[in-house]
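Now for the letters of each chain:
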Amino acid sequence: MPLEDGDSARWRGQQVNGEVSGTLQLGSTGDPPLRGTPAPSDGRTEVTAVGREPGPAPGDGDATSRRISQQAGQHEEALMAELSELVQKVVRSSSWWERHGVDISILACSILLLPAGFLCLRSAQAIPFLVGVLTLGVVHHTLTVKGSHLASHNALTESKSWGKVWAIFFIELCSAFTVEQGTYNHVKIHHGYTNIIGMGDSSTWKVPFLNRYVYMFIAPLAVPIITPLVALDLLRNVEWKAALRTLCCMFLGLYCHYWLLLHVSGFQSPWSALLCMLLTRSLLAHPYIHVNIFQHIGLPMFAPDRKPKRIHLMSLGVLNLPRNYLLDWSFGHSLISCHVEHHLFPSLSDNMCLKIKPVVSQYLKQKKLPYNEDTYTSRLRLFLQRYEELMVHAPPITELVGIQ
């Protein structure tokens, strides 16, 4: 439904090196810029209500505060409902190919490239061998990152039964992780409580005892080893049938990779095959780690009992990176250039997130809500400069006044 200008709550948002500070104005007009002066030096993002009439009598304070909070909450829900209707119009007008076919085709092409990658590794010449490593590395990350991510949100198909099959294939067989815990941690916690301290604040990606250079450039090489070890530890939290299924799928996926390197690629020793497995599975581990921290950490964080409504939570706490052909293919648009859109509408496929991007960005900017965008190099520079603050110490909690 259209919103009257007199009822709108507008943000004065400022984005500096990927951080957002803002001032909420109730009933304000005008078009403040999205970029502006630097955030406060203490790293806290304060959102304060201004432009109000003189305060009520002391006895009426609590009732007035509750009424203002209720009106603000209703307004935010109306904003989300209006945006959802705009996005649904785009979805309803899209074909099956746009909703699912494009991404399924990318995953299918990746699987079809596997034989070429393994055969290239048979060559004794450097260039064909490197082509094989690059091919298997990109295919591995396409299946394990893009495929697993889409499967965890059931975005590959509209059938729940097939969605479960794809989740087991991509998450357990290809990624050596467990479906139940992977889906719960990502969909229920991270998406349900994005940037909420102690819940969906991306703290699982922090390793405080590592210095910035080890974490950013060396530790990602260990991701292929750490992932199945973490999965094994998490199996304690699932039913024995699911744990047994996960163990079988993990073993099958890892052993098939190892067996193909020995019998198709022609590796002569187990150690050389295992080294090649590590190399291909860690080929894009650096951007994988970087993307997961760049798009949330360093943005406003909220206490569980003082969080904004969904549209403000996602517009404040999520950031988009520029399009990149390699990462778009292997990670998917929803993890790179359409991460804001993905967090607002997580059940949509990568291609659909890209298609609704103009609608979402235009709407958020029109309503003076933050729409965070930054470059990969800018975020990398920020994390190297402020690693202790962002990745070691506890993040500051954003203060929200007058919008809940």
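Being a predicted model, the structure only gives us computed values, none of them experimental. (Residues numbered from 1 in each chain as written. Predicted model: local features only at pLDDT ≥ 70, side-chain atom pairs only at ≥ 80, totals over all residues. Heavy atoms only, no water.)

## Some thoughts on the overall build of the chain
Here is step 1 of the chain: Within the chain, the regular secondary structure consists of 16 helices and seven strands.
Here is step 2 of the chain: Residue burial in the chain is summarised as follows: out of 404 residues, 48% are buried.
Here is step 3 of the chain: Summed over its atoms, the accessible surface of the chain is roughly 19,500 Å², and 63% of this surface lies on carbon and sulfur atoms. (Helix = DSSP H or I, 4+ residues; strand = E, 2+ residues; numbered from the N terminus. Buried < 20%, exposed > 50% of the residue type's maximum accessible area, 1.4 Å probe, protein only. Areas by Shrake-Rupley, 256 points an atom, 1.4 Å probe, with all protein chains shown as cover.)

## Looking at the UniProt feature "transmembrane region" (unreviewed entry) in the chain
Here is step 1 of the chain: Feature annotation in UniProt assigns "transmembrane region" (unreviewed entry) to the following positions: residues 213–235 and 242–260.
Here is step 2 of the chain: Counted over residues 213–235, helix gives 78% and strand 0%. Its end C-alpha atoms are 32 Å apart.
Here is step 3 of the chain: Each end of residues 242–260 is marked by a C-alpha atom, and these two atoms are 27 Å apart; helix forms 100% of the span and strand 0%. (UniProt positions renumbered as here; feature names shortened; annotations may be inferred.)

## Quick word on the packing of aromatic side chains
Here is step 1 of the chain: Inspection of the entire model under this criterion finds 12 aromatic pairs.
Here is step 2 of the chain: Each ring, one from Trp-205 and one from Tyr-288, has its centre 5.6 Å from the other, and the planes form 75°; the classification is edge-to-face. One end of the pair, Trp-205, is in the loop between helix H5 (179–191) and helix H6 (212–218); the other, Tyr-288, is in helix H10 (residues 285–294), and 83 residues separate them in sequence.
Here is step 3 of the chain: Looking at Trp-205, the relative accessible area reads 24%, which means it is partly exposed.
Here is step 4 of the chain: You can call Tyr-288 partly exposed: its relative accessible area is 24%.
Here is step 5 of the chain: Here Phe-294 and Phe-383 contribute two aromatic rings whose centre-to-centre distance is 5.2 Å and whose plane-to-plane angle is 45°, an arrangement assigned as tilted. Placement of the pair is Phe-294 in helix H10 and Phe-383 in helix H15 (residues 376–385), with a sequence separation of 89 residues.
Here is step 6 of the chain: Classification of Phe-294 as buried rests on a relative accessible area of 0%.
Here is step 7 of the chain: Here the aromatic residues Trp-162, Trp-166, Phe-169 and Phe-170 are joined through ring pairs into a cluster of three or more. (Phe/Tyr/Trp six-rings, centres within 6.5 Å; stacked < 30°, edge-to-face > 60°.)

## Some remarks on H5
Helical periodicity: at 3.6 residues per turn, an α-helix aligns residues three or four positions apart in one direction.
Here is step 1 of the chain: Listed in full, the buried residues belonging to H5 are Val-179, Gln-181, Gly-182, Ile-189, His-190 and His-191.
Here is step 2 of the chain: Close packing links the buried residues of H5 with helix H4 (160–174), helix H7 (223–234), helix H8 (240–263), helix H11 (310–317) and helix H13 (339–344). (Contact = heavy atoms within 4.5 Å.)

## Quick notes on helix H14 (residues 350–366)
Here is step 1 of the chain: Compared with the 24 Å implied by 1.5 Å per residue over 17 residues, the 24 Å span of H14 between its first and last C-alpha is a close match.
Here is step 2 of the chain: Largest kink in H14: about 45°, centred on Ile-356, with the proline Pro-358 one to four residues after it.
Here is step 3 of the chain: Asp-350, Asn-351, Met-352, Cys-353, Ile-356, Lys-357, Val-360, Ser-361, Tyr-363 and Leu-364 are the residues of H14 that are buried.
Here is step 4 of the chain: Trailing H14 by a residue or two, Lys-368 shows a phi angle of about 60°, which is positive. (Expected span 1.5 Å × (residues − 1). Bend = angle between axes of the 7 residues up to and from the residue.)

## Regarding unusual backbone geometry
Here is step 1 of the chain: The backbone of Asn-195 shows a phi angle near 60°, a positive value even though the residue is not glycine.
Here is step 2 of the chain: Look at Lys-368: it is not a glycine, yet its phi comes out positive at around 60°.
Here is step 3 of the chain: The residue Lys-368 is located in the loop between H14 and strand E6 (372–373) in this model.

## Here's the deal with the environment of Glu-172
Here is step 1 of the chain: Along the chain, Glu-172 falls in helix H4.
Here is step 2 of the chain: Assessed through its relative accessible area of 0%, Glu-172 is described here as buried.
Here is step 3 of the chain: Each C-alpha atom of the pair Glu-172 and Gly-253 lies 7.9 Å from the other, and the pair is 81 residues apart in sequence.
Here is step 4 of the chain: Aside from chain neighbours lying at most four places away, what touches Glu-172 is Ala-167, Phe-177, Thr-178, Val-179, Glu-180, Arg-245, Thr-246, Cys-249 and Met-250.
Here is step 5 of the chain: Among the polar contacts listed, one links the side chain of Glu-172 to the side chain of Thr-246, at a separation of 2.8 Å. (Polar contact = N/O pair within 3.5 Å; in protein donor to acceptor, adjacent residues only side chain to side chain.)

## Topic: the pattern of salt bridges
Here is step 1 of the chain: Per the counting criterion, the structure on display carries 13 salt bridges.
Here is step 2 of the chain: For Asp-350, the salt bridge is made with Lys-146, and the minimal N-O distance between the two is 2.7 Å. With Asp-350 in helix H14 and Lys-146 in helix H3 (residues 126–152), the pair connects residues that are 204 residues apart, well separated along the chain. Each member of the pair, Asp-350 as well as Lys-146, carries the same accessibility label: buried.
Here is step 3 of the chain: Here Glu-389 ties to Arg-386 by a salt bridge, and the two come within 2.5 Å at their closest N and O atoms.
Here is step 4 of the chain: Via salt bridges that share partners, Lys-164, Glu-172, Glu-180 and Arg-245 belong to a single interconnected network. (Salt bridge = Lys/Arg side-chain N within 4 Å of Asp/Glu carboxyl O.)

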